[in-house]
Amino acid sequence: MHQRYGRRLPLTQKQGDILAVLSWLVPTVTVMIAMAVHFSNGARTFPIFISEADYPGLQRTVFTSGLILTGIIQMMFAWHLYHGLNPERQRLWDTSCGLGIVVGFHVILVAIYDMYDHIDMHIYASMIAFGGGIVWAAMGHLALDPSTSPGARLRRIGITSSLIALVVMIVAFQYAASTFDTDGLTTEEFLNKAQFGINFAGPAEYVVVGGLMMALASFGMDLKRVESDKHVSSEHKSNQAK
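Reading the values: the criteria
- Residues numbered from 1 in each chain as written.
- Predicted model: local features only at pLDDT ≥ 70, side-chain atom pairs only at ≥ 80, totals over all residues.
- Heavy atoms only, no water.
- 1 Å grid on protein atoms, 1.4 Å probe; cavity = no way out; pocket = protein on both sides within 12 Å on 5 of 7 lines; lining within 4 Å.
- Points joined across faces, edges and corners; volume = space filled by probe spheres on them.
- Helix = DSSP H or I, 4+ residues; strand = E, 2+ residues; numbered from the N terminus.
- Nonpolar A, V, L, I, M, F, W, Y, C, P; charged D, E, K, R; others polar.

This paragraph deals with empty space enclosed by the protein. Enumeration according to the criterion identifies two cavities of 30 Å³ or more in this entry. In this structure, the largest cavity encloses a volume near 400 Å³. For the largest cavity, the lining is made up of 25 residues, of which V107, A129, F130, L212 and M213 are closest to its centre. Only α1 (13-40), α2 (58-84), α3 (90-112), α4 (119-143) and α7 (195-241) provide two or more residues apiece to the lining of the largest cavity. The element that contributes the greatest number of residues to the lining of the largest cavity is α2, accounting for six residues. Of the residues contributing to the lining of the largest cavity, the split by class is 17 nonpolar, seven polar and one charged. Of the voids in this model, the second largest cavity is the one considered here, and its volume is about 30 Å³. Taken together, A78, L81, Y82, W93, S96, C97 and W136 make up the lining of the second largest cavity. Split by residue class, the lining of the second largest cavity holds six nonpolar, one polar and no charged.

Shown next, in the form of structure tokens:
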């Protein structure tokens, strides 16, 4: 077995399983609750970008704290995954792990820099989180042996849908933003003028996030397979010893 860089996280099998679930459950619940609160308080319109829920009030508290926690969990999960699976292509796997940690850090930046007061930094962090997340999942997928990966099919669906949706999101929003003068506009005024593009870009963003959550869940499936195989192997050796 290839010697991995650094020490693995001191987690039991059960704790590792919980970490895998939390990697996609925490961001999913965070987004759902923040957006539900935002709409109940009177959202600008529908559809909107997810980050529009990072609005002053309870929704911002949920959004910011939830995504900071998400970033920490996803950095931990990337490292745990790195040590938990045995890839076919080790160098690709090494790079994937590093990128997974970078993506998790940028999720924290998305939480800290809201789109209303820090739009440029928010866009930068979001693009790294989304685009980097897709590349991380794709690199991890290519590094693994698909014949021993129960999550391979789900991961392909998640990566493909996220990639297509990200292109739709960027093209639709950029086209809308290019049709008017943005000078002197507040963020909300800008979003209102670009709404005909957000009608496509907003739902596309939901698909991007959903696809990335599928990819995270698929890696958890692979970890469960490895743990199950280890358990069977351990029982077999025990029976042979008897």
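Structure shown, so let's carry the discussion forward.
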